[in-house]
Amino acid sequence: MSSGSGVRSPGSFKHGRSAGSEHKTASATLSEKTPDSGHRTPDRTNRITRRFADLRADGKKAFVAYICAGDPHLDATVDLVVGMAEQGVDIIELGIPYSDPMADGPANQAACERALASGTTVRGVLDAVRRIRARTQVPLLFFTYLSPVLAYGAEKFATDAFAAGIDGLLSLDLPPEEGPEFLATMRAAGLATVCLSAPTTPLVRKKMLMRESRGFLYYVCRLGVTGERAELPADLAKQVKALKSVSDAPVCIGFGISSPEQAALAASHGDGVIVGSHLVRLIEKHGKDADLVARVAGRAGELARAVHAVGV
Amino acid sequence: MAQGRPKQLPDASGRFGRYGGRYVPETLIPALDEITAAYAAAKKDKAFQKQFRDLLKDFVGRPTPLTFAARLSDKYKRRIWLKREDLNHTGAHKINNAIGQGLLALKLKKQRIIAETGAGQHGVATATACALLGLKCHVYMGTEDMRRQAPNVFRMRLLGAEVIGVNSGTHTLKDAVNEALRDWVTNVESTHYILGSALGPHPFPMMVRDFQSVIGREARAQILKAEGRLPDVLLACVGGGSNSIGLFHPFMKDKSVRFIGAEAGGRGNALGEHAARFSGGSFGVFQGMASYVLQNEDGQVMGTHSVSAGLDYASIGPEHAWMRDTKRAEYLRCSDERALAGLHLLAESEGIIPALESSHAIGILDEVAAKTRKGAIIIVNISGRGDKDVAEVARFEGVKL
């Protein structure tokens, strides 16, 4: 139920053009190991940053998996994350289910609906993260729309998410200029704030996004919503090259990748590959089966091995 | 509200105070930049503005009359005037914006148009503008709304538009907006999204307001001519808020003029039973903008209910949120029942069957009149005609046609 009448205070979610200066003072690369100056420094090296450094040292690309937290229920989410980590997945994106996922295709929409139907709340997801952390140190990133975070309270969310063991946050509906203070709050708590770039993004904006992003930059390699596609886009190499010309910060490629072959091909262009809907569809199909974790983690492992086989 | 000269809103970042903004996937940012630039150019482009004015006059049939409602005036002891947007071609105010944005799409060289629709009025208006301007048109509509507004679905198809039923979520307007946004993210290079209300990401709230402001500009001139003075109250229903902002905006600097919006009170006070964002909603980000949102404690957007499909929306345009906070406007609730009574009242006393949306403004006339002195001048926006609602009203009242 709602808190009733009156406006909920959005915590640190304030708007102001003045925050632009914060952008400039924020240090310029994605691969930095220390949080932005001027903020409280959490006493933990970011697991995402560390993972990219380790992979680079080994001459490997990253495989990133997405699943929606609470799909089909949170107990399964805990086992799925642990299982995927054991299979060699480098970073796991946990979706926070939302009623109106406007950037998602049918597979992820249905996952959100299943997760909400199973009673998943932000508090429940944070609790699941604590249970995951008792079993694995795989880097974890929240993939979310703003609404659930604002409702929880941005500052409290940042603190609680970091304390639970979350390493980063990607807000699908928050271009960086819309919430510099929101992003600063997340960073101050120790979360890497990942930005997205798209095929439509002009070069000057690509540069800004590369500077603004933390942990890595998520390159949405095609127009459209999330979901599996047969082919990789023709302009992929050119687009990623343009991003990498700005800085050597990690760029991961996602949207529509569904096979080990595609994953390997995409990995050859960037620093990592993200697969979401394909795994979510497996969860949809086998959600009630006893071997759900083995199936999904097994497939994630195949994808991870394909990506790891690509040399730097 | 601010003293002295009101500052120009939205600001450069598309905000009305803390409301508005552009909370969209990164893919859409360049398209929004492009529309913002094209719209700024069109605003100063005399040829564009003339073309817009000419089409409103020769195709839409503007100006619409301001009709004195003699019996209603007598009943409430106020001077009540009706702004007759119901007399527009296609039967509602929506056509003003559809023509404006259709012309803008031509400037953007986008041949494919998408739109969302709730009551179907914006869908019909967009299908009409597209037929007129030679554009391809796809309209997203919740399947529940398609059932409620079957005649409008067929009208859109007659006009050559493709109507795509939306089965996700609650099968109503918000889900149609989600699907339209998903289509736009996918086809952004060839497609313009004609958003139908003064909501969504910047520049839509500003642009839709500007195209709809013809309502208030006409009403202001008409009332000054008829009464020799400004009105005391402007009254309009508020779904997303385009007919109301269109009426209110040209009076923004006239501080003696009170703005009153009628929100859908539905059938109860519990979340999910109404669409009264200002009494049950809270600050949030939804479908590209910061505004008041009907949501639960976890930020999940709740279903809404209204007898009127056009008011059945979980959020409200950002300028309304700003006007509410600054007390420039006030917003009252009108239940389904009072709205239906309003429809009957206007039909029987003035010979005008209003749309169920507009009936919400009539439904609270007694309450609004009580807030004013005897003889006060009240302009009510009759945003659309009720033909599309006749079958639904009969169903609601248990009458077999």
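Residues numbered from 1 in each chain as written. Chains lettered and ligands numbered in written order. Predicted model: local features only at pLDDT ≥ 70, side-chain atom pairs only at ≥ 80, totals over all residues. Heavy atoms only, no water.

A closer look at the interface of chain A and chain B
At the interface, 50 residues of chain A touch 42 residues of chain B. Inspection of the chain A/chain B interface yields 4 salt bridges. Across the chain A-chain B interface, the total number found is 16 residue pairs in polar contact (both at pLDDT 80 or more). When residues of the side of chain A that touches chain B are traced back to their parent elements, those giving at least two are helix 4 (106–117), helix 6 (146–152), strand 6 (195–197) and helix 9 (203–212) of chain A. (Contact = heavy atoms within 4.5 Å. Salt bridge = Lys/Arg side-chain N within 4 Å of Asp/Glu carboxyl O. Polar contact = N/O pair within 3.5 Å; in protein donor to acceptor, adjacent residues only side chain to side chain. Helix = DSSP H or I, 4+ residues; strand = E, 2+ residues; numbered from the N terminus.)

Details of the side chain of Ser383 of chain B
All names here are of chain B. Topologically, Ser383 is positioned in the loop between strand 14 (377–382) and helix 17 (390–396). Here Ser358 takes part through its side chain, which lies 2.7 Å from a polar atom of the side chain of Ser383. Apart from residues lying up to four places away in sequence, Ser383 is in contact with Glu85, Asp86, Gly91, Ala92, His93, Cys237, Asn243 and Ser358.

Regarding the packing of helix 4 of chain A against helix 12 (residues 277–286) of chain A
Residues and elements named next belong to chain A. With their axes 9 Å apart at the nearest point, helix 4 and helix 12 run at an angle of 50 degrees to one another. Regarding the angle of helix 4 to helix 12, the classification is oblique. The crossing of helix 4 and helix 12 is left-handed. In this structure, helix 4 uses Ala107, Asn108, Ala110, Ala111 and Arg114 to contact helix 12, whose residues at the interface are Ser277, Val280, Arg281 and Glu284. (Axes fitted to C-alpha atoms, helices over the stretch in contact; angles between N-to-C directions. Parallel < 35°, antiparallel > 145°, perpendicular 65-115°, else oblique. Left-handed = near helix turned anticlockwise from the far one by under 90°.)

Here we look at the packing of aromatic side chains
Residue and element names in this part refer to chain B. A full pass over the atoms with the stated rule returns 19 aromatic pairs over all chains. Here the aromatic rings of Trp184 and Phe204 are separated by 6.0 Å at their centres, their planes lie at 70 degrees, and the arrangement is edge-to-face. Taken together, the residues span a long stretch of sequence, with Trp184 in helix 8 (residues 173–187) and Phe204 in helix 9 (residues 204–212) at a distance of 20 residues. Per residue, the accessibility class of Trp184 equals that of Phe204, and both read buried. If you follow Arg18 out to its NZ or CZ, it ends over the ring of Phe283, 4.1 Å from the centre. (Phe/Tyr/Trp six-rings, centres within 6.5 Å; stacked < 30°, edge-to-face > 60°. Buried < 20%, exposed > 50% of the residue type's maximum accessible area, 1.4 Å probe, protein only. Lys NZ or Arg CZ within 6 Å of the ring centre and 35° of its normal.)

Section: empty space enclosed by the protein
Residues and elements named next belong to chain B. A full pass over the atoms with the stated rule returns 7 cavities of 30 Å³ or more. In this structure, the largest cavity occupies an estimated 340 Å³ of space. As for the largest cavity, its lining consists of 31 residues, of which His93, Lys94, Gly310, Leu311 and Glu357 are closest to the centre. Elements with a minimum of two residues in the lining of the largest cavity: strand 5 (112–117), helix 5 (121–133), helix 8, helix 11 (242–248) and helix 15 (356–363). When grouped by side-chain class, the residues that make up the lining of the largest cavity number 10 nonpolar, 17 polar and 4 charged. In this structure, the lining of the largest cavity is formed jointly by two domains, domain 1 (27–56 + 94–197) and domain 2 (59–91 + 209–396), each of which donates at least three residues. (1 Å grid on protein atoms, 1.4 Å probe; cavity = no way out; pocket = protein on both sides within 12 Å on 5 of 7 lines; lining within 4 Å. Points joined across faces, edges and corners; volume = space filled by probe spheres on them. Nonpolar A, V, L, I, M, F, W, Y, C, P; charged D, E, K, R; others polar. Domains from an automatic or database assignment.)

A word on the nonpolar core
Ranked by size, the top nonpolar core spans 202 residues in total, and within it Met84, Phe142, Phe157, Phe182 and Tyr218 of chain A together with Trp184 of chain B carry the most contacts. Both of domain 1 (27–56 + 94–197) and domain 2 (59–91 + 209–396) of chain B provide at least three residues apiece to this core. Leave out the neighbours within four places in its chain, and Phe157 of chain A touches Ile96, Val122, Phe142, Val149, Tyr152, Leu169 and Met186 of chain A. (Core = buried A, V, L, I, M, F, W, Y, C linked by side-chain atoms within 4.5 Å.)

Some remarks on the pairing of strand 3 (residues 140–144) of chain A
All names here are of chain A. Burial analysis of strand 3 places 5 of its 5 residues in the buried class, which makes it a mostly covered element. What you see with strand 3 is no split at all: Leu140, Phe142 and Thr144 on one side and Leu141 and Phe143 on the other are buried throughout. Where strand 2 (residues 91–95) meets strand 3, 4 bridges bridge the pair, whose relative direction is parallel. From the neighbouring strand, Ile92 faces strand 3, where its bridge partner is Leu140. The pairing of strand 3 with strand 4 (residues 168–171) spans 4 bridges and is classified as parallel. Residue Phe142 lies in a different strand from strand 4, and its bridge partner there is Leu169. (Pairing = 2+ DSSP bridges.)

Points about the layout of surface pockets
Its volume calculated, the second largest pocket comes out at about 230 Å³. Ser99, Asp100 and Glu113 of chain A together with Gly169 and Lys174 of chain B are the residues nearest the centre of the second largest pocket, which is lined by 18 residues in total. Where the lining of the second largest pocket is concerned, the elements lending two or more residues are helix 4 of chain A together with helix 8 of chain B. Across the lining of the second largest pocket, the residue classes break down as 6 nonpolar, 7 polar and 5 charged. Counting the residues that make up the lining of the second largest pocket, at least three belong to each of domain 1 (27–56 + 94–197) and domain 2 (59–91 + 209–396) of chain B.

Some remarks on the sheet that holds strand 6 (residues 136–142) of chain B
Residues and elements named next belong to chain B. With parallel pairing, the 4 strands of this open sheet are ordered in space as 7-6-5-8. Where the open sheet ends on each side, the last strands, each with one partner, are strand 7 (162–166) and strand 8 (191–193). Sheet twist, expressed as the average angle between the axes of neighbouring strands with direction ignored, equals 25 degrees. In terms of strand pairing, strand 6 meets strand 7 through 5 bridges, oriented parallel. By the bridge assignment, His138 is partnered in strand 7 with Glu162. Contacts from helix 8 reach strand 5, strand 6, strand 7 and strand 8, with the element oriented near 160 degrees to strand 5.

Digging into the environment of Ala219 of chain B
All names here are of chain B. Its location among the elements puts Ala219 in helix 10 (residues 214–227). Looking at Ala219, the relative accessible area reads 0%, which means it is buried. Separated by 172 residues in sequence, Ala219 and Ala391 place their C-alpha atoms 31 Å apart.

Overview of a nonpolar patch on the surface
On the surface, Val390, Val399 and Leu401 of chain B cluster together into a nonpolar patch covering about 310 Å² of accessible area. Inspection of the secondary structure puts Val390 of chain B in helix 17. (Patch = residues over 30% accessible without salt bridge, like charges linked within 9 Å, V, L, I, M, F, W, Y side chains within 5 Å. Areas by Shrake-Rupley, 256 points an atom, 1.4 Å probe, with all protein chains shown as cover.)

Some points on the sheet that holds strand 3 (residues 66–68) of chain B
Residues and elements named next belong to chain B. The strand order across the open sheet formed by 6 strands is 3-4-14-9-10-13, and the pairing between neighbours is mixed. Where the open sheet ends on each side, the last strands, each with one partner, are strand 3 and strand 13 (329–335). The mean inter-strand angle of the sheet, taken between neighbouring strand axes irrespective of direction, is 25 degrees. Against the sheet, helix 10 contacts strand 3, strand 4 (79–84) and strand 14, and its axis sits at roughly 140 degrees relative to strand 4. Its contacts with the sheet put helix 15 on strand 9 (233–237), strand 10 (258–266), strand 13 and strand 14, and the angle it makes with strand 9 is roughly 140 degrees.

Quick notes on the confidence of the model for chain A
Here chain A averages 88 in pLDDT, and 86% of its residues register 70 or above. Here residues 1–40 of chain A scores under 50 on pLDDT; set against residues more than four positions off or in separate chains, the count is 93 contacts. (pLDDT = per-residue confidence, 0-100.)

What to know about helix 3 (residues 74–86) of chain A
Residues and elements named next belong to chain A. For helix 3, which comprises 13 residues, the first-to-last C-alpha distance of 18 Å matches the rise-based estimate of 18 Å (1.5 Å per residue) to within 8%. All of the buried residues along helix 3 are Leu74, Ala76, Thr77, Val78, Leu80, Val81, Val82, Gly83 and Met84. The inward-facing, buried residues of helix 3 contact strand 1 (62–68), strand 2, helix 5 (122–133), strand 3, helix 12 and helix 13 (292–308). Gly88 occupies a position one or two residues after helix 3 and carries a positive phi of about 95 degrees. (Expected span 1.5 Å × (residues − 1).)

A few points about the pairing of strand 1 of chain A
Residue and element names in this part refer to chain A. Among the 7 residues in strand 1, 7 count as buried, and that is most of the element. Of the two faces of strand 1, both are covered, the one formed by Ala62, Val64, Tyr66 and Cys68 as well as the one formed by Phe63, Ala65 and Ile67. Sheet topology places strand 1 next to strand 9 (residues 272–275); 4 bridges connect them, and they run parallel. Among the inter-strand pairings, Ala65 is bridged to a residue of strand 9, identified as Val275. Relative to strand 2, strand 1 runs parallel, the two sharing 5 bridges. Its bridge partner being in strand 2, Cys68 is matched across the sheet by Gly95. Once the chain exits strand 1 it traverses helix 3 before rejoining the sheet at strand 2, and the crossover so formed is right-handed. (Right-handed = clockwise from strand over helix to strand, strands pointing away.)

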